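Overview (structure and organization)
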Amino acid sequence: GAGVSQSPSNKVTEKGKDVELRCDPISGHTALYWYRQSLGQGLEFLIYFQGNSAPDKSGLPSDRFSAERTGGSVSTLTIQRTQQEDSAVYLCASSHLPSRFSQATYEQYFGPGTRLTVT
Amino acid sequence: DQQVKQNSPSLSVQEGRISILNCDYTNSMFDYFLWYKKYPAEGPTFLISISSIKDKNEDGRFTVFLNKSAKHLSLHIVPSQPGDSAVYFCAASGPSNTGNQFYFGTGTSLTVIP
């Protein structure tokens, strides 16, 4: 079946503009994650969805960042009033609902990412 | 503060030899560890994992070793192949984290020389 897809693949925007990034997870995956990777940095956790709810928003860097998920499927990450430090690759991943009893459920499948450049 | 560290940004190995990638963590509550492989312009792909009840997990050419007392894990690839050239990320998670949050290292870029 299809993997995780993200759009757009590349986005160049001017400082101060809003951007919206989209993630289509693998069908049937209950859990969805957003990460970002800045140049020279590791993957930074942003937010986690379980179904449509986000029990863990601890990684969102500021109140300019928000995310939603509808229908237990598509998720959008919105960055308002973008700043140059927001430039990064934003990665989405999905998995079955995490369970401590099944190693397989921990495997996160990643999309190809959206490269965001704020000029 | 980086809870998962990969102190070697890059590694070069001759084809056929062993590649050893290292990862250190600071949180003793972490109990699940994964390695991901990432090619340019692609998302990371899952490679191998290990839970804290084990000290070794093997899958073909890939073996992950976990030393809980040292808070250290390593990925061994043997024999290394040119197609293994990629960036390798280690990640960790623990029961104290709600939402299955994973902490990733900064990655090690492996180059396997033919």
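In the block above lies the structure referred to throughout.
Residues numbered from 1 in each chain as written. Chains lettered and ligands numbered in written order. Predicted model: local features only at pLDDT ≥ 70, side-chain atom pairs only at ≥ 80, totals over all residues. Heavy atoms only, no water.

**Some points on the sheet that holds strand 3 (residues 19-25) of chain B**
Residue and element names in this part refer to chain B. Formally: Two strands pair if DSSP finds at least two bridges between them. Runs of H or I in DSSP of at least four residues are treated as helices and runs of E of at least two as strands, each being numbered from the N terminus.
Taking strand neighbours across the sheet as the criterion, the five strands line up as 1-3-8-7-6 in an open arrangement whose pairing is antiparallel. What marks the edges here is a single partner per strand, and that holds for strand 1 (4-5) and strand 6 (56-59). In terms of strand pairing, strand 6 meets strand 7 (residues 62-67) through four bridges, oriented antiparallel. Looking at strand 7, one finds that D59 is bridged to F62.

**Remarks on unusual backbone geometry**
To be explicit about the condition: Between buried and exposed lies partly exposed: a residue is buried under 20% and exposed over 50% of the maximum accessible area for its type, with that area taken using a 1.4 Å probe on protein chains only.
With an omega of -10°, the peptide bond between S7(A) and P8(A) qualifies as cis. Inspection of the secondary structure assignment puts P8(A) in the loop between strand 1 (5-7) and strand 2 (10-13). Unusually for a residue other than glycine, R81(A) sits at a positive phi of about 45°. Mapped onto the secondary structure, R81(A) falls in the loop between strand 8 (75-79) and strand 9 (88-95). A positive phi angle is found at K71(B), which is not glycine, with a value near 50°. Looking at where K71(B) falls in the secondary structure, it is placed in the loop between strand 7 and strand 8 (72-77). Its relative accessible area of 26% is what places K71(B) among the partly exposed residues.

**A word on the interface of chain B and chain A**
The criterion, for reference: Between two residues, a contact is recorded if the distance between any of their heavy atoms is within 4.5 Å. Summed over both partners, the accessible area lost on bringing two parts together, with a 1.4 Å probe, is the buried area. We define a polar contact as two N or O atoms separated by no more than 3.5 Å, with the added condition that, inside protein, one atom must be a possible hydrogen donor and the other a possible acceptor, whereas residues neighbouring each other in sequence contribute only through side-chain atom pairs.
Counting from both sides, the interface comprises 24 residues of chain B and, opposite them, 21 residues of chain A. For the pairing of chain B and chain A, the buried interface totals around 1,800 Å² over both sides, and the portion due to carbon and sulfur atoms is 55%. Linking chain B to chain A there are two residue pairs in polar contact (both at pLDDT 80 or more). Those elements that provide at least two residues to the side of chain B that touches chain A are strand 4 (32-38), strand 5 (45-51) and strand 9 (86-93) of chain B. With four residues, the top contributor of residues to the side of chain B that touches chain A is strand 4 of chain B.

**Some thoughts on the environment of S95(A)**
All names here are of chain A. Note that S95 resides in strand 9. Here S95 falls in the buried class, since its relative accessible area comes to 0%. Note: C-alpha distance between S95 and V74 (21 residues apart in sequence) is 13 Å. Polar side-chain contacts of S95 include one of 3.4 Å to the side chain of Y33.

**Digging into the packing of aromatic side chains**
The geometry of an aromatic ring pair comes down to the distance between the two centres and the angle between the two planes. The line we're drawing: For this analysis, a ring pair means two rings from Phe, Tyr or Trp (six-membered ring only for Trp) whose centres lie within 6.5 Å, classed as stacked if their planes differ by under 30 degrees, edge-to-face if by over 60, and tilted for the remaining angles.
Following the criterion strictly, the structure yields 12 aromatic pairs over all chains and no others. Put simply, the rings of Y33(A), Y35(A), F45(A), Y48(A), F110(A), Y36(B), F46(B) and F104(B) touch in pairs and so form one group of aromatic residues.

**Focus on the sheet that holds strand 8 of chain A**
All names here are of chain A. For clarity, the cut-off: Convention adopted: a line fitted to C-alpha atoms gives each axis, helices being fitted over their contacting stretch, and angles between N-to-C directions are expressed from 0 to 180 degrees.
With antiparallel pairing, four strands are arranged side by side in an open sheet as 1-3-8-7. The two strands at the open ends of the sheet, each matched to only one other strand, are strand 1 and strand 7 (65-69). Between one strand axis and the next, the sheet turns by 15° as a mean value, whatever way the strands run. Bridge analysis of strand 1 against strand 3 (residues 19-24) gives three bridges, and the strand direction is antiparallel. Opposite S7, over in strand 3, you have R22 as the bridge partner.

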